[in-house]
Amino acid sequence: EAACHDVVSRSRRHVSSAKIDAVVISEMIVDGIEMMVGVINDDVFGPTVLLGMGGIYAEVLDDKSYRVAPFDADTAVDMIAELRGAALLAGKRGKPPSDVVALAAALSAVSRLAWELREQLVELDINPLFVRPKGMGVVAADALAVMAE
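Residues numbered from 1 in each chain as written. Predicted model: local features only at pLDDT ≥ 70, side-chain atom pairs only at ≥ 80, totals over all residues. Heavy atoms only, no water.

Comments concerning the overall build of the protein
To keep things clear, this is the line we draw: Helix and strand definitions follow DSSP, with helices as H or I runs of at least four residues and strands as E runs of at least two, each counted in order from the N terminus. Restricting the calculation to C-alpha atoms gives the radius of gyration, and the globule rule supplies 2.2 Å times the number of residues raised to the power 0.38. In what follows, residue pairs with any heavy atoms lying within 4.5 Å of each other are defined as contacts. We get accessible surface area from the Shrake-Rupley algorithm with a probe of 1.4 Å; when it comes to residues, only the shown protein chains can shield them.
Helix and strand counts for the protein come out as 5 helices and 6 strands. Each helix and strand of the protein, ordered N terminal to C terminal, gives the series α-β-β-α-β-α-α-α-β-β-β. Here the C-alpha radius of gyration of the protein, 19 Å, is well above what a compact globule of 149 residues would show, namely 15 Å. The dimensions of the protein, computed from C-alpha atoms along their principal axes, are 55 × 50 × 30 Å. Sequence separation of at least 24 residues holds for 51% of the intrachain contacts in the protein that already meet a minimum separation of 6. A total accessible area of about 9,600 Å² is found for the protein, and carbon and sulfur atoms account for 55% of it.

If you want it as C-alpha cells, here you go:
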C-alpha cells in the first residue's frame, strides 16, 4: 500500500494534471525459465497445443513441440522432453531444477481448455510462461486469447 501511494504521489509531482484511475500491482518474477504455450485451432486437427522456449528464445531458437488437445500430464512431460531446451529446466550452472511437474500440469490444463472452447477459441498465446524453481509452480506473465466472432 505504501509503495502504491509513493508511485502515485511521484507521478502527480511530475505531471500534476495526470488522472490516475487505477494501479495494477503484480509480483515480479526473476527466478524462472521463460517458455511459451500456444493453441491454434487447426481446420484439420482441431485445437493443437504448442510448447516452446519463450521470451527471447522464441525468436532465436526453433525449438517447439506440438500435440492435439486434449491430453494428460504424461503427454505433456513427453512434449517437454522433446525440446532441446529441456536441459535448461533440469538446472545448469548453479541454477536449481525447474518445476516441470507444474509445467506439465499447466500444459495439460491448457489442452483441456482448448478442447472445451474449441468452438470459440481461435488461438491462445502465453509468452512468457515462467517455470519457477521446483515446487514454486509456473506464472503466466503475458497472454492473448483470440475468440471467434
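Some thoughts on the side chain of Asp-99
Spelled out, the test is: Type-normalised accessible area, obtained with a 1.4 Å probe on protein chains alone, sets the label of each residue: buried when under 20%, exposed when over 50%, and partly exposed for intermediate values. When charges are counted, Lys and Arg are positive and Asp and Glu negative, with His and the chain ends excluded. One speaks of a salt bridge when a side-chain nitrogen belonging to Lys or Arg is within 4 Å of a carboxyl oxygen belonging to Asp or Glu. Think of a polar contact as two N or O atoms within 3.5 Å of one another; within protein, one of them needs to be a possible hydrogen donor and the other a possible acceptor, and neighboring residues in sequence only count if both atoms come from side chains.
Tracing the chain through its elements places Asp-99 in the loop between helix H4 (86–89) and helix H5 (100–116). Among buried Asp, Glu, Lys and Arg side chains, Asp-99 stands out as unpaired, with Lys-134 the closest opposite charge at 7.8 Å. A distance of 3.1 Å separates a polar side-chain atom of Asp-99 from the backbone nitrogen of Ala-102. Residue contacts for Asp-99: discarding those within four places in its chain leaves Val-131, Arg-132, Pro-133, Lys-134, Gly-135, Met-136 and Gly-137.

Some thoughts on the nonpolar core
Definition in use: In this text, buried Ala, Val, Leu, Ile, Met, Phe, Trp, Tyr and Cys residues form a nonpolar core when linked through side-chain atoms within 4.5 Å.
Core analysis: the biggest nonpolar cluster contains 24 residues, and Met-35, Val-37, Val-49, Leu-51, Leu-103 and Leu-107 have the highest contact counts within it. Listing elements by their share of this core, those giving two or more residues are strand S1 (33–42), strand S2 (46–53), helix H3 (73–82), H4, H5 and strand S4 (121–131). Ignoring sequence-local partners within four residues, the contact set of Met-35 consists of Leu-51, Gly-52, Met-53, Gly-54, Leu-83, Leu-89, Leu-103, Ile-126, Asn-127, Pro-128, Leu-129 and Val-131.

Side note on H3
Given 3.6 residues per helical turn, the α-helix brings residues three or four places apart onto the same face. Note the cut-off: In this description, the arc belongs to the directions extending from the helix axis to the C-beta atoms.
Looking only at H3, the buried set comprises Ala-76, Met-79 and Ile-80. Axial view of H3: buried residues confined to an arc of 100 degrees, hence all on one face. Residues of H3 that are exposed and point over 90 degrees away from its buried face: Asp-74 and Ala-81. On its buried face, H3 is in contact with S2, strand S3 (64–68), H4 and H5.

Describing a nonpolar patch on the surface
Cut-off, in case you're wondering: Patches here: salt-bridge-free residues with over 30% relative accessible area, like charges joined within 9 Å, nonpolar side chains (Val, Leu, Ile, Met, Phe, Trp, Tyr) joined within 5 Å.
On the surface, Ile-56, Tyr-57, Val-60, Leu-61 and Leu-88 cluster together into a nonpolar patch covering about 460 Å² of accessible area. Locating Leu-88 in the fold gives a position in helix H4.

What to know about unusual backbone geometry
Omega for the bond connecting Ala-69 with Pro-70 falls within 30 degrees of zero, at -5 degrees, which places this linkage in the cis form. Within the fold, Pro-70 resides in the loop between S3 and H3. The omega angle of the peptide bond from Asn-127 to Pro-128 is 5 degrees, so this bond is cis rather than trans. Along the polypeptide, Pro-128 turns up in strand S4. Phi angles above zero are rare outside glycine, and Arg-93 is one such case at about 50 degrees. Secondary-structure assignment places Arg-93 in the loop between H4 and H5.

So, the environment of Leu-61
Position of Leu-61 among the secondary structure elements: in the loop between helix H2 (56–60) and S3. Given the relative accessible area of 34%, Leu-61 is considered partly exposed. Taking the C-alpha atoms as reference points, Leu-61 and Gly-85, separated by 24 residues in sequence, lie 9.2 Å from one another. When near neighbours in sequence (up to four residues on either side) are disregarded, Leu-61 contacts Met-53 and Arg-84.

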